[in-house]
Amino acid sequence: MSRISYFDKQTIWKGENEIKNLGYLLKTTSKSFKNRVANSKIFHENPQVTLGNSFILRFLNEHKDENIYQKDIEKFFWLKKSTITSILNSLEDAGYIERKEGKDDGRLRRIVLTEKGFAMNEKVHNEFETLEENMSNLFSEDEYNNLIASLEKIRNYLEGKDD
């Protein structure tokens, strides 16, 4: 298999040649995926919801039966308190979440989705599902399964789980 070294940049962009470097392809594919979703109708019609904070709506939906506090969101998404505070304020101002008194500690505020938040999460989820289905249809079942296995293998290696 012919591979292009990461450092062979001068040989990569000549005429019709496209980069075949694995890291570059992963990066640009991820960016293209994010751009495709972020430019979808759902986000244009609801500018207060971004791709990034839609993941918080999803997280809250998946944990709707639990007491979720800001610190839980900070920990899960590996983001600073100030960043999460800003995102949550934006989502609260738009009516997608509410901060409610903690059940065990009244000083803490639980973060819960409103009906509007549940509805928006469903719309975003459907957008992702449609894109996922369209992408998976590009492959045969074997190709798709091999691609998923290969991507998981790469992710595990990069996360140090390649035992």
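It should be emphasised that the depicted structure is a prediction, and the values quoted were computed from it without experimental measurement.

This paragraph deals with the overall build of the protein chain. Summing up its helical and strand segments, the protein chain has eight helices and two strands in all. Each helix (α) and strand (β) of the protein chain, taken in turn from the N terminus, gives the series α-α-α-α-α-α-β-β-α-α. When each of the 163 residues of the protein chain is scored for burial, the buried share is 26%. Partitioning the contacts of the protein chain with sequence separation of at least 6, the portion at a separation of at least 24 is 44%.

This brings us to the pattern of salt bridges. Applying the stated rule across the entire model yields six salt bridges. Residue Lys161 pairs with Glu159 through a salt bridge whose shortest N-O separation is 3.0 Å.

Attention now goes to helix α5 (residues 70-77). Residues lying three or four places apart along an α-helix face the same way, a consequence of the helix completing one turn every 3.6 residues. Every buried residue of α5 is listed here: Gln70, Ile73 and Glu74. The arc enclosing the buried residues of α5, seen along the axis, measures out at 100 degrees, which places them on a common side. Facing away from the buried side of α5, by more than 90 degrees, are the exposed residues Lys75 and Phe76. In this structure, the buried side of α5 is in contact with α4 (51-62), α6 (81-93), β1 (97-101) and β2 (109-113). Trp78 sits one or two residues past α5 and shows a positive phi near 55 degrees.

Orientation of α4 relative to helix α7 (residues 115-136), taken along the N-to-C sense of each, is 115 degrees, at an axis distance of 9 Å. Between α4 and α7, the angle is such that the two are roughly perpendicular. Relative to α7, α4 is oriented so that their crossing is left-handed. Across the interface between the two elements, Leu51, Ser54, Phe55, Leu57, Arg58 and Asn61 of α4 pack against Phe118, Met120, Asn121, Val124 and Phe128 of α7.

With that settled, consider the pairing of β2. For β2, the tally of buried residues reaches four of five residues, placing the bulk of the element in the interior. Relative to β2, β1 runs antiparallel, the two being bridged by five bridges. Bridge pairing links Glu98 to Val112 in β2.

This paragraph deals with the packing of aromatic side chains. According to the stated counting rule, one finds five aromatic pairs in the structure shown. On the numbers, 5.9 Å between centres and 45 degrees between planes, the contact of Phe55 with Phe128 is tilted. Of this pair, Phe55 sits in helix α4 while Phe128 is found in helix α7, placing the two residues 73 residues apart along the sequence. A relative accessible area of 35% places Phe55 in the partly exposed class. Judged by relative accessible area, which is 17%, Phe128 ranks as buried. Centroid distance Phe59 to Phe76: 4.6 Å. Interplanar angle 35 degrees. Geometry classified as tilted. In this pair, Phe59 sits in helix α4 while Phe76 sits in helix α5, placing the two residues 17 residues apart along the sequence. The exposure class of Phe59 is buried, given its relative accessible area of 5%. Put simply, the rings of Phe33, Phe55 and Phe128 touch in pairs and so form one group of aromatic residues. Across from the ring centre of Tyr96, 4.9 Å away, lies the NZ or CZ of Lys116, which sits over that ring.

The rules we used
- Residues numbered from 1 in each chain as written.
- Predicted model: local features only at pLDDT ≥ 70, side-chain atom pairs only at ≥ 80, totals over all residues.
- Heavy atoms only, no water.
- Helix = DSSP H or I, 4+ residues; strand = E, 2+ residues; numbered from the N terminus.
- Buried < 20%, exposed > 50% of the residue type's maximum accessible area, 1.4 Å probe, protein only.
- Contact = heavy atoms within 4.5 Å.
- Salt bridge = Lys/Arg side-chain N within 4 Å of Asp/Glu carboxyl O.
- Arc of directions from axis to C-beta.
- Axes fitted to C-alpha atoms, helices over the stretch in contact; angles between N-to-C directions.
- Parallel < 35°, antiparallel > 145°, perpendicular 65-115°, else oblique.
- Left-handed = near helix turned anticlockwise from the far one by under 90°.
- Pairing = 2+ DSSP bridges.
- Phe/Tyr/Trp six-rings, centres within 6.5 Å; stacked < 30°, edge-to-face > 60°.
- Lys NZ or Arg CZ within 6 Å of the ring centre and 35° of its normal.

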